[in-house]
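The residues making up each chain are set out below.
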Amino acid sequence: GRLDKGFYWKLHYRDRRQQGFDSLKLRLNEVLRLAVASDSEDASVATFLSGGTDSSTITGMLAESQREPVDSYSIGFSSEEFDEMHYARVASRQYGTTAHEYYLTPDDILEAIPVITGSYDEPFGNDSAVPTYFCAKLAASDGYRVMLAGDGGDEIFGGNERYAKQMVFEHYHRIPAF
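What this report covers is the structure whose coordinates are included nearby.

What counts, and where the lines are drawn
- Residues numbered from 1 in each chain as written.
- Predicted model: local features only at pLDDT ≥ 70, side-chain atom pairs only at ≥ 80, totals over all residues.
- Heavy atoms only, no water.
- Helix = DSSP H or I, 4+ residues; strand = E, 2+ residues; numbered from the N terminus.
- Contact = heavy atoms within 4.5 Å.
- Areas by Shrake-Rupley, 256 points an atom, 1.4 Å probe, with all protein chains shown as cover.
- Lys, Arg positive; Asp, Glu negative; His and termini not counted.
- Charge placed at Lys NZ, Arg CZ, Asp CG, Glu CD.
- Buried < 20%, exposed > 50% of the residue type's maximum accessible area, 1.4 Å probe, protein only.
- Pairing = 2+ DSSP bridges.
- Salt bridge = Lys/Arg side-chain N within 4 Å of Asp/Glu carboxyl O.
- Axes fitted to C-alpha atoms, helices over the stretch in contact; angles between N-to-C directions.
- Parallel < 35°, antiparallel > 145°, perpendicular 65-115°, else oblique.
- Left-handed = near helix turned anticlockwise from the far one by under 90°.
- Polar contact = N/O pair within 3.5 Å; in protein donor to acceptor, adjacent residues only side chain to side chain.
- Phe/Tyr/Trp six-rings, centres within 6.5 Å; stacked < 30°, edge-to-face > 60°.

Things to note about the overall build of the protein
Here's step 1: Along its length, the protein carries 7 helices and 4 strands.
Here's step 2: Overall size of the protein, expressed as C-alpha extent along the three principal axes, is 60 × 50 × 30 Å.
Here's step 3: Nonlocal contacts in the protein, meaning residues at least 24 apart in sequence, comprise 70% of its contacts between residues at least 6 apart.
Here's step 4: Taken as a whole, the protein presents about 13,700 Å² of accessible surface, with 54% of it coming from carbon and sulfur.
Here's step 5: Distance from the positive charge centre (17 side chains) to the negative charge centre (28 side chains) of the protein: 10 Å.

Here you go:
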């Protein structure tokens, strides 16, 4: 009989730090290194390097643990507003990866949409699916079956600019209606 509008779930953080920042920083690095090591011990592994905080960290940790240069795959866009290839190149140089780059075209997107939508069993609206698909396709053509990425890390570790903007909108929605 009525319509309720709002978040269906919201995580409440209870930060009860019992360790200092330096100790927690070391622990986080240890956990990340263990995760990367466990995902790369049984297979030839490449990385999806977007140039963000997350993928750059994963690529760096993998590069530290390998004897040979790591293959990194990056997807670029013709629109400067969305293209992060510059950052991917900086990370690739820093970690000495063998960089593989590909710039998406409108035809690529038309090719990918039916393949991607046919793979999901529910509605999916994340536009990163297309570059992820092509990144995986390129790596697979080079013989890779395992790729490490850092999806979600930008949001946790300092994030993308759009999340800062989103916070402004969330504050706006707290203002009482007239």
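Here's the deal with the pairing of strand β1 (residues 45-48)
Here is the key point about a regular strand: its side chains alternate between the two faces of the sheet.
Here's step 1: Residue alternation in β1 divides its side chains into two sets, V45 and T47 and A46 and F48, and both sets are buried.
Here's step 2: Where β1 lies against strand β4 (residues 146-148), 3 bridges are found, and the strand directions are parallel. Considered in β4, the bridge of T47 is made with L148.
Here's step 3: Here β1 runs beside strand β2 (residues 71-76); their pairing, made up of 2 bridges, is parallel.

Let's talk about the pattern of salt bridges
Here's step 1: In total, this model carries 5 salt bridges according to the counting rule given.
Here's step 2: Between E101 and R89 there is a salt bridge, and its shortest N-O distance comes to 2.8 Å. In this pair, E101 is assigned in strand β3 (residues 98-103) and R89 in helix α3 (residues 85-95), connecting sequence segments 12 residues apart.
Here's step 3: Take E101: its relative accessible area is 38%, and that puts it in the partly exposed class.

Concerning the sheet that holds β2
Here's step 1: Sheet architecture is open: 4 strands sit in the order β3-β2-β1-β4, paired in parallel fashion. Looking along the sheet, the strands with just one partner apiece sit at the ends: β3 and β4. Neighbour to neighbour, the strand axes of the sheet diverge by 30 degrees on average, direction disregarded.
Here's step 2: Each of β2 and β3 touches α3; the most contacted strand, β3, lies at about 170 degrees to it.

A closer look at the packing of helix α1 (residues 21-40) against helix α2 (residues 53-65)
Here's step 1: Interhelical geometry of α1 versus α2 gives an angle of 70 degrees and a closest axis separation of 10 Å. With respect to each other, α1 and α2 are oriented roughly perpendicular. In this structure, α1 crosses over α2, and the sense of that crossing is right-handed. On the side of α1, the interface is formed by N29, L32, R33, V36 and S40, while α2 contributes T57, I58, M61, L62 and E64.

What about the environment of C135?
Here's step 1: Structurally, C135 can be placed in helix α5 (residues 129-141).
Here's step 2: Looking at C135, the relative accessible area reads 1%, which means it is buried.
Here's step 3: Each C-alpha atom of the pair C135 and Y73 lies 6.1 Å from the other, and the pair is 62 residues apart in sequence.
Here's step 4: Beyond its immediate stretch of four places on either side in the chain, C135 contacts F48, Y73, I75 and M147.

Quick look at the side chain of T47
Here's step 1: Relative to the assigned elements, T47 resides in strand β1.
Here's step 2: Polar contacts involving the side chain of T47 include one to the side chain of T59, which spans 3.0 Å.
Here's step 3: Among residues more than four places away in sequence, those in contact with T47 are T59, L62, V70, D71, S72, Y73, M147 and L148.

Concerning the side chain of D108
Here's step 1: Position of D108 relative to the elements: it lies in helix α4 (residues 106-119).
Here's step 2: In this structure, D108 is in contact with Y102, Y103 and F134, ignoring residues within four places of it in sequence.

As for the packing of aromatic side chains
Here's step 1: Enumeration over the complete set of coordinates arrives at 3 aromatic pairs.
Here's step 2: Seen from their ring centres, Y73 and Y144 are 6.2 Å apart, and the 75 degrees between their planes marks the pair as edge-to-face. Residue Y73 is found in strand β2, and its partner Y144 is found in the loop between α5 and β4; the two are separated by 71 residues along the sequence. Assigned by exposure class, Y73 and Y144 land together as buried.
Here's step 3: When the ring of Y133 is compared with that of F134, the centres are 5.1 Å apart and the planes differ by 80 degrees; the resulting orientation is edge-to-face.
Here's step 4: F134 gets classed as buried once you look at its relative accessible area, which sits at 4%.

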